[in-house]
Every structure is written in C-alpha cells, then in structure tokens.
Amino acid sequence: MRNARWKAASRAAIALTGAGALVAGMALFLTAPAAAGTTLGASAAEKGRYFGTAVAAYKLSDSAYTTILNREFNSVTPENEMKIDATEPQQGRFSYSAADQIVSHARSRGMSVRGHTLAWHSQQPPWMESMSGSALRQAMLNHVTQVATHFRGQVVAWDVVNEAFADGSSGGRRDSNLQRTGNDWIEAAFRAADAADPNAKLCYNDYNTDNWTHAKTQGVYNMVRDFKARGVPIDCVGFQSHFNNESPYVSNYRTTLSSFAALGVDVQITELDIQGASAATYRSVVEDCLAVARCNGITVWGIRDSDSWRASQTPLLFNSNGSKKPAYDAVLAALNNGTTPTDPPTDPPTDPPTDPPTTPPPGPGGCTATVSVNQWTGGFVATVKVTAGSSAINGWTVTIGLPSGATVTNAWNANRSGSSGTTNWTNVAYNGQVGAGQSTEYGFQANGTAGSLSPTCSAS
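Below is a short write-up of the structure. (Residues numbered from 1 in each chain as written. Predicted model: local features only at pLDDT ≥ 70, side-chain atom pairs only at ≥ 80, totals over all residues. Heavy atoms only, no water.)

1. A few points about the state of the cysteines
For step 1, the next point in the chain: Overall, the coordinates contain three disulfides when judged by the stated rule.
For step 2, the next point in the chain: Put simply, Cys-203 and Cys-236 are joined by a disulfide, and their sulfur atoms are 1.9 Å apart. Note on the Cys-203 and Cys-236 pair: the S-S dihedral is about -80 degrees, so by sign convention the disulfide is left-handed. Here Cys-203 is found in strand 5 (residues 201-206), whereas its partner Cys-236 is found in strand 6 (residues 236-239), with 33 residues between them in sequence.
For step 3, the next point in the chain: Look at Cys-203 and you get buried, because its relative accessible area is 0%. (Disulfide = S-S within 2.5 Å. Helix = DSSP H or I, 4+ residues; strand = E, 2+ residues; numbered from the N terminus. Buried < 20%, exposed > 50% of the residue type's maximum accessible area, 1.4 Å probe, protein only.)

Given below as structure tokens:
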C-alpha cells in the first residue's frame, strides 16, 4: 500500500443502501453503474465480483473524478481516511467525518466498501508510536474495536492487519512496536474485529506477496494455514500487487492466488497498480483472478494517474485528463471474456510451501508447550504455544518457572496464578478445547530477563 469477511452467506446477508436485493454466495451487492459489460464494475458484477478503486475524501468535490468513480466502479476503499492516524488522532478521541463521507458516497450509489486498515505499524499517530508493551496492546485492541464497531454493517470486508511480515529471505514477522507486544498480536486483532463486526469479512493484507516462491509469501501462507487450523476468524487475504520494475508481475501469480484460496479463504487484489500501465500485464492479472473461484474482486489504487501515489510511474487505467488508456480496454475485455467458476479450487498448491518451524511432537494424549521470547532491555514478551497430543483436550495447564527478578505484568488468552517464580497458566473459556495435534497460543509480558524458559503442560 504503501500509501496506503464476507462471512459465508449462511451467517448473514449484507444490505447496501440503494441495492435492495440480496445476492447469495459471495454475499456482495453489486449494482452495475451502467449497462452490463460496458464498465469495469458492471462487467465484474456479471462474473459475481467487484472492481473497485481507492478513494480520497477531498477529491469527492472534483466532478471529473466523481464522474469516473460513479460510472466505472462498484467498490470503494478509503485511501487514508480509515487509517489509525485519521480515525484516532488523539488517544480515545475518534474522528470519522472523512471516512463517513466516503462510505456515504459509496453506499448511496450501491457500491460496496472495503475497510482499510485497523492495525498497522505505519501511519500511527504520535501517541501510539510512543507506546509499547501491554499499554500498546490494549490501545491497539481498543482501536480495532471502536473503529470496526462504528462502521459495523457498512463495510463488507476489513483489512484487519496490514503489512506485518518482513521483506527479504526470512519469511518472518516485521519488527515493529506491535510485534513486540507478542507474536499473537495479529490473532488478537482478528478476534477483536470479529467481535466488533461479525458479519464483515476479515482480511490480512500485504505487499510483495505475489511471487509463490518468495519467503514472505510462504510466511503469510503458513500463518493463514495455522489460523484456519486453529479456528482464528480469518476470511480473506489481500494482495496489494504494486507491480513495478523492482517488483514485477510473475507468471506464478495465479499459483499464489489459487494456493491461498485452497486454504479456504477468499483472495482479493487490493491495491493494484502497474508501472507504465502495461495493457498485457493488466490483462494477465484480471485473467488470473477470474481463473480462481475465490478471487472475488480487484481494487486499483486510484483512478487517474494524477491520483496515484506513484504518479510519475503512470500506473493506472486513466490518464491524468480522465481519458481511458489501452490498459482500461484490456481490463474490460478480460472481464467480459472471463467465465464464472462455480466451485472453489480443490487441488492442492502445485508447489508445497515451506513448513513452519517445527515444535516437539506431542505425545499420545496430553499436551506439550513451547515458548518464543521477544526480549528487550528490562523486559520481554513470551508467546506460549499449547499443542494437543493424539487426542483432543478440553482444557490445559502450563507451568513456567521464571528466573529471579522476572515478574509478570500483563497476560492475554490465559488465566494466571503467580507473577514470579513458578507460574501456572490455564485456558480461558474460548481456547480450552484443542483438537488432536492442533494448537492454541497465549502470551504474557514481564519485567526482567527471560533466560531459558521451559514450560510443561498437562491436559484435562
């Protein structure tokens, strides 16, 4: 983004102002802006999908801008207006006017709205940038809850967490103030969003995850696979797909989309722009999405080149004067020529992903516990994974001996007995039942040095 759940239809149908009709399956209300097949949104709607764009509130007074917006698109993503610095500029004081303006504009014209974004290491207001540990964790969760609650029923999908994985060859998490609150912070954010807006789809969104062979792509894949296995409420994965000379479109892009979809999540192209607006590349991206049943929409990151955060790369479908580019014609033709797959993919990924780090194999019955630590001067956060053995368990207790001088100051996803020395941890109501071979996690923050923690686990 860099400038930036449809739940299953059985859970809820989402009504959009002005749409009036319920659509099953993907549960999107796709009102064609004009005659079918003559605009991007209308053609995408024929295929049961959306074609959207990022919108800036201050540009809604530009008639040339809104003419294209209203004619061509059936989905909108606020470009900056829902980000943390915009919606909570001062802690506990929320501001929604600009985002409300975009949502009202979209819904009054039958467009769906994607919410972007609830939790992100970037574009944090100064008060959040200066926080850490348990205070930051609680502030983040409160922000997710308040913003998702405000827009509940108005947003069909949320980018709950944005850009949490590191670039490069590690395939691991990005070091950020949020990550340093504990490795389960992403899961905590998704659970908070689910509680606040239960009928919206919940997405993880990132950039440079287009190439199936890249470590970052595999890292995100492994997280999503783990979340689905443990029942964490994740419904979709967003691929920003900012293609340029340094990060070009690759031929295995369709493999990436289909491999994630095979995990049981929707995939969405969320911030598409292509340096030079190659018509051939735009066509390929659209064809790749249409070939994957669970790729249910495409959003371009801006309307005209002059609206782009990369304006000098002329990456969008309309010239700065509002005229259509050859890339626009290629996209519309691809949409009109595409077919609508009726079933989600059932084949496994063509290239098996790299397995996540292994943990000690659980014994028959019972449970095991492993711990990972983020240490800093004077304190640490520990994330504890509890894994069931060959039989499902209905509850667990973990015992951890803390070194001298270490004192627990905060904990989440577990009940605690003791704050120093020998500490005992038991499940809370929602994470006591763990399937055979499956895992759940809890975490805690402490003062002092972690040393070598050796947790033991017993099951009930």
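2. Section: the side chain of His-105
For step 1, the next point in the chain: With respect to the helices and strands, the residue His-105 is situated in helix 4 (residues 97-108).
For step 2, the next point in the chain: According to the relative accessible area criterion, His-105 is buried, its value standing at 12%.
For step 3, the next point in the chain: Beyond its immediate sequence surroundings of up to four residues, His-105 is in contact with Leu-60, Thr-66, Leu-69 and Asn-70. (Contact = heavy atoms within 4.5 Å.)

3. Details of helix 8 (residues 215-230)
Every α-helix winds through 3.6 residues per turn, so residues three or four apart in the chain are directed the same way.
For step 1, the next point in the chain: With 16 residues, helix 8 extends 23 Å from end C-alpha to end C-alpha; this agrees with the ideal 22 Å at 1.5 Å per step.
For step 2, the next point in the chain: Inspection of helix 8 places Lys-216, Thr-217, Gln-218, Gly-219, Val-220, Tyr-221, Asn-222, Met-223, Val-224, Phe-227 and Arg-230 among the buried residues, and these make up the whole buried set.
For step 3, the next point in the chain: The positive-phi residue at the C-terminal boundary of helix 8 is Gly-231, with phi of around 80 degrees. (Expected span 1.5 Å × (residues − 1).)

4. So, the packing of helix 10 (residues 279-290) against helix 11 (residues 326-337)
For step 1, the next point in the chain: Running from amino to carboxyl end, helix 10 crosses helix 11 at an angle of 25 degrees, the nearest separation of the two axes being 8 Å. The angle between helix 10 and helix 11 places the two elements in the roughly parallel class. Every pair of crossing elements has a handedness; the one defined by helix 10 and helix 11 is right-handed. Seen from helix 10, the contacting residues are Ala-279, Tyr-282, Arg-283, Val-286, Glu-287 and Leu-290; seen from helix 11, they are Pro-326, Ala-327, Ala-330, Val-331, Ala-334 and Leu-335.
For step 2, the next point in the chain: Among the residues making up the contact of helix 10 with helix 11, the classes are represented as 10 nonpolar, no polar and two charged. (Axes fitted to C-alpha atoms, helices over the stretch in contact; angles between N-to-C directions. Parallel < 35°, antiparallel > 145°, perpendicular 65-115°, else oblique. Left-handed = near helix turned anticlockwise from the far one by under 90°. Nonpolar A, V, L, I, M, F, W, Y, C, P; charged D, E, K, R; others polar.)

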